[in-house]
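# Fold and contact review
Here is how the chains run, residue by residue.
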Amino acid sequence: MFDSLYPRLTATRRIQNMCGTWRFQFDPRSEGVYEGWEHGLPDPIDVPVPSSFADLFTDKASREYTGDFWYETDLFVPGEWRDANVGIRFDAATHRATVYVNGVEVARHEGGFTPFVAPINDVVNWNGVNTVVVKMNNELGLDTLPAGETKILSDGTKVCAPYFDFYNYSGLQRPVRLVVSPRERIEDFAVVSRFDGDDALVDYTVDTNGDHDVEIVVTDEDGMDVARGRGKAGTLRIENVIPWQLRNAYLYTFTVRIVDDADDDRVIDEYYDEIGIRTIAVDGTRLLLNGRPIYLKGFGRHEDSDIHGRGFDPVMNKRDFENLKWIGANSFRTSHYPYAEEQLYEADREGFLVIDEVAAVGMMKSLVNFLDATDASKTKEVTFFDEPVVQTDTLAAHLQAVRELIDRDKRHACVGIWSLFNEPDSASDAAVPYFRKVFDLALDLDPQKRPRSYTNVTACGAGKDKCHDLCDVIMLNRYNGWYVEGGVLIHEAARHQREELELWHELEPNKPFLFTEYGGDTMAGVHKLPSVMWSEEYQVENLTEMATLFDAFDWIVGEQAWNLNDFQTTEGIMRVNGNKKGLFTRDRQPKMAAYYLRDRWTAMPDYL
Ligand SMILES: CCCN1C[C@@H](O)[C@H](O)[C@@H](C(=O)O)C1
């Protein structure tokens, strides 16, 4: 629906890389649109694409820049593609973009973590150089995902004030490619699998923009045909199927072709995807993968690394997967926004279950919501979902973000649960109708009807949350032993956490529970006997205390510590050059608690 197919080189499709050095210019007075910057930037500097721009700079104003900013590059387009469909695919443009080619607007996109394609056939100079200009903006508001505020200082400078605990990195942070497909092309396809004895039955649908027929061919990892189908919809039988399993992945290649009935040798368009055959479901308090109850071990993460910021970094991503395997994890959450497609393909290949999260973070009016352990429902001020703009503009942006997330990720075997919000103010009456619309859309759009949820924040705990009935799985972010009753009170914190869990189980006795965040800030290298908060010893004690709770209730089916790595946040008195709750440092080296979790998790089965 959104031209979201991941770029593939096939018999009929071409890709031209557009990554590299682009020209860049800040536009603090938003004058570019009036001064013709769409034709070219007047006084640009060089920046790399993909990358966040913040940590490239040495001056504070550039690093913290908030407002409009522009990119520009030259693009040669070969004339042989004149009769094809040619577009520029941005894997992400954070947080919003307007794209111009040769001075003509060709696309706009809101949302910084999902792809879009700018069609250029009508404006391109074939066999010539074209000027590509992208006007961007990184401001936050109540109506943006993620949410926050933009403050304006006395001198007119804009400052980002996020309602979330990660740095508001922005820019062309993921790859940009020229993508070429036939005029009549495959626009989308979906699969839904089920098992029939030793076989799998795979229902498929293919969307094209033409009337020619479609064939679909499934091959195994040895390249052998295992199933074939004809028509834009149908059911394939894969005999003696090898299921996709946790940490034991198997991927089939589904190749879809538009064919010409009058000429068997003519392939009008060809596209393929690598897909694992699995089922995911909730059954009572169990989370089932292929009908077997699973226990999730892993982390909330961030796409974050030094200098690159949130810029796509396959080297760091690879190290993260190696660390995830080393520690015995089998899952992660894409906190707090959709991650790069390459991360999901890696999770497909490595057999990690992913909680795929839309960028609905900060929907609690608090600049330090991680400190807001108070009862949000007692907040005197107008709460987030009481704001009129939230029930209109924010909801529209949220629904669109869900459409684009599910459209992009629906075929991934690794995607097991949709996280539709992160720590929203779910204790307010105004939240209920908003949540219902989001949950209903996700159910409607996902062909595989995966479990849906959101992460519940302490301030909206058991008895206060008014939206949990919409969840198929209950996901809790809890910091007992850190923000709540830390240090010498850690055992008291555990008692209170147990009490809340018992209350939750009374409220939701037939649903599985996941801890999607727990832990505490830890400065690598700080040691103390006996332990004190921020020491590595305390991180071990805190995680150990929580693990005792996880092991006490068989309806807790997963534990995802916060965070895999230390990561950058907005500066403040609670952050020492960022958030230090990582089990690994920002340069991906283990803290003492990583060895504790490795011992725990490598001894725990993936299946209950
Ligand atoms: C109330 C807990 C919210 N949680 C959100 C996450 O984004 C933060 O990084 C984390 C923290 O404070 O470390 C807390």
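None of the values given here were measured: they were computed from a predicted structure.

Rules used throughout
- Residues numbered from 1 in each chain as written.
- Predicted model: local features only at pLDDT ≥ 70, side-chain atom pairs only at ≥ 80, totals over all residues.
- Heavy atoms only, no water.
- Helix = DSSP H or I, 4+ residues; strand = E, 2+ residues; numbered from the N terminus.
- Rg over C-alpha atoms; globule rule 2.2 N^0.38 Å.
- Contact = heavy atoms within 4.5 Å.
- Areas by Shrake-Rupley, 256 points an atom, 1.4 Å probe, with all protein chains shown as cover.
- Lys, Arg positive; Asp, Glu negative; His and termini not counted.
- Charge placed at Lys NZ, Arg CZ, Asp CG, Glu CD.
- Near = heavy atom within 4 Å.
- Polar contact = N/O pair within 3.5 Å; in protein donor to acceptor, adjacent residues only side chain to side chain.
- Nonpolar A, V, L, I, M, F, W, Y, C, P; charged D, E, K, R; others polar.
- Buried < 20%, exposed > 50% of the residue type's maximum accessible area, 1.4 Å probe, protein only.
- Expected span 1.5 Å × (residues − 1).
- Arc of directions from axis to C-beta.
- Core = buried A, V, L, I, M, F, W, Y, C linked by side-chain atoms within 4.5 Å.
- Pairing = 2+ DSSP bridges.
- Axes fitted to C-alpha atoms, helices over the stretch in contact; angles between N-to-C directions.
- Salt bridge = Lys/Arg side-chain N within 4 Å of Asp/Glu carboxyl O.
- pLDDT = per-residue confidence, 0-100.
- Disulfide = S-S within 2.5 Å.
- Phe/Tyr/Trp six-rings, centres within 6.5 Å; stacked < 30°, edge-to-face > 60°.
- Lys NZ or Arg CZ within 6 Å of the ring centre and 35° of its normal.

With that settled, the discussion passes to the overall build of the protein. Each helix and strand counted, the protein has eight helices and 30 strands in total. For 608 residues, the compact-globule estimate of 2.2 N^0.38 gives 25 Å, and the C-alpha radius of gyration of the protein, at 24 Å, lies within 12% of that figure. Across its three principal directions, the C-alpha atoms of the protein cover 75 × 70 × 45 Å. Summarising the internal contacts of the protein: among those between residues at least 6 apart in sequence, 72% fall at separations of at least 24. Summing over all exposed atoms, the protein offers an accessible surface of approximately 22,200 Å²; the carbon and sulfur share of this is 51%. Distance from the positive charge centre (64 side chains) to the negative charge centre (102 side chains) of the protein: 2 Å.

Around the ligand sit 14 residues, and of these D165, H336, Y483, N579 and K581 come closest. For the ligand, an oxygen atom lies 3.0 Å from a polar atom in the side chain of R575. The protein chains hide 97% of the 370 Å² of surface that the ligand would expose on its own. In terms of residue class, the shell around the ligand is built from six nonpolar, three polar and five charged.

Further remarks concern unusual backbone geometry. A cis amide bond links T94 to the next residue, H95, at an omega of 5 degrees. Positionally, H95 belongs in the loop between β5 (85–90) and β6 (96–101). Cis geometry is adopted by the peptide bond preceding H336, which originates at S335 and carries an omega value of -10 degrees. Position of H336 relative to the elements: it lies in the loop between β24 (331–333) and α3 (341–350). Here R247, not a glycine, exhibits a phi torsion of approximately 60 degrees, which is positive. Looking at the element boundaries, R247 is found in the loop between β17 (233–238) and β18 (252–260).

Our next topic: the environment of T334. Turning to its location among the elements, T334 is positioned in the loop between β24 and α3. Leave out the neighbours within four places in its chain, and T334 touches Y339, V354, I355, D356 and E357. Here E357 takes part through its backbone nitrogen, which lies 2.7 Å from a polar atom of the side chain of T334.

Okay, α3 next. Burial runs high along α3: nine of the ten residues are buried. For α3, the set of buried residues is E341, E342, Q343, L344, Y345, E346, A347, D348 and E350. A positive backbone phi angle near 75 degrees is found at G351, which sits one or two residues after α3.

Right, let's talk about helix α5 (residues 431–445) for a bit. Taking 1.5 Å as the rise per residue, α5 with 15 residues should run 21 Å; its terminal C-alpha atoms sit 21 Å apart, in good agreement. Every buried residue of α5 is accounted for by A431, Y434, F435, V438, F439, L441 and A442. Relative to the axis of α5, the buried residues are bounded by an arc of 160 degrees and lie together on one face.

All right, on to the nonpolar core then. Of all hydrophobic cores here, the largest spans 104 residues; its most connected members are F299, F385, F421, F435 and L597. Look past the residues within four positions of F435 in its chain and what remains in contact with it is F385, F421, P424, S426, Y454, C467 and L470. In terms of nonpolar packing, the next biggest core, distinct from the first, is built from 37 residues, I88, V99, A107 and V123 among them.

Quick look at the sheet that holds strand β7 (residues 104–110) now. To summarise the sheet geometry, strands pair through backbone hydrogen bonds and adopt either a parallel or an antiparallel arrangement. Strand order in the open sheet formed by six strands is β3-β2-β4-β9-β6-β7, and the pairing between neighbours is antiparallel. Because the sheet does not close on itself, it has two edges, and the strands there are β3 (45–49) and β7. When the angles between neighbouring strand axes are averaged without regard to direction, this sheet yields 30 degrees. Of the strand pairs in this sheet, strand β2 (residues 20–27) and strand β4 (residues 68–77) are connected by five bridges, and their pairing is antiparallel. Within β4, the residue paired with F26 across the bridge is F69.

The next subject is the pattern of salt bridges. Tallying each qualifying case throughout the model produces 58 salt bridges. With a closest N to O distance of 3.2 Å, R452 and D472 form a salt bridge. Within this pair, whereas R452 is found in strand β27 (residues 452–456), its partner D472 is found in the loop between β27 and β28 (474–477), the two being separated by 20 residues in sequence. Given the relative accessible area of 24%, D472 is considered partly exposed. When salt bridges with common partners are traced through the structure, they connect R8, D188, D273, D407, K410 and R411 into a single cluster.

Judged by how many residues are buried, β4 sits mostly within the fold: eight of ten residues are covered. Where β4 lies against strand β9 (residues 128–137), ten bridges are found, and the strand directions are antiparallel. If you follow T73 over to β9, its bridge partner there is V132.

The next thing to look at is the confidence of the model for the protein. Parts of the model with low pLDDT should not have their predicted coordinates read in detail. Looking at the protein, the pLDDT average stands at 96 and 97% of residues meet or exceed 70. Taken together, the stretch residues 371–380 has pLDDT below 50 and engages in 16 contacts with residues farther than four places along the chain or on a different chain. Interface confidence for the predicted complex, expressed as ipTM, amounts to 0.98; the pTM equals 0.97.

The subject of this paragraph is the state of the cysteines. All chains considered together, the criterion is met by zero disulfides. Residue C467 stays outside any disulfide, its sulfur separated by 8.0 Å from that of C471, the closest cysteine.

Taken as a whole and judged by the stated rule, the model has 51 aromatic pairs. Ring geometry for F189 versus Y271: centroids 6.4 Å apart, planes at 70 degrees, classification edge-to-face. Residue F189 is found in strand β13 (residues 186–196), and its partner Y271 is found in strand β19 (residues 263–275); the two are separated by 82 residues along the sequence. Of the residues examined, Y271 reaches a relative accessible area of 1% and is grouped as buried. Look at W482 and Y538: their rings are 6.4 Å apart centre to centre, the planes differ by 45 degrees, and that puts the pair in the tilted class. Within this pair, whereas W482 is found in the loop between β28 and α6 (490–507), its partner Y538 is found in helix α7 (residues 536–550), the two being separated by 56 residues in sequence. The two residues W482 and Y538 agree in class, both being buried. Of the aromatic side chains, those joined through ring pairs into one cluster are W22, F24, F26, F53, F57, Y65, F69 and Y71. For the cation-ring pair, R8 lies above Y345, with the distance from its terminal atom to the ring centre recorded as 4.8 Å. Positioned over the ring face of F321 is R301, at 5.6 Å from the centre of the ring.

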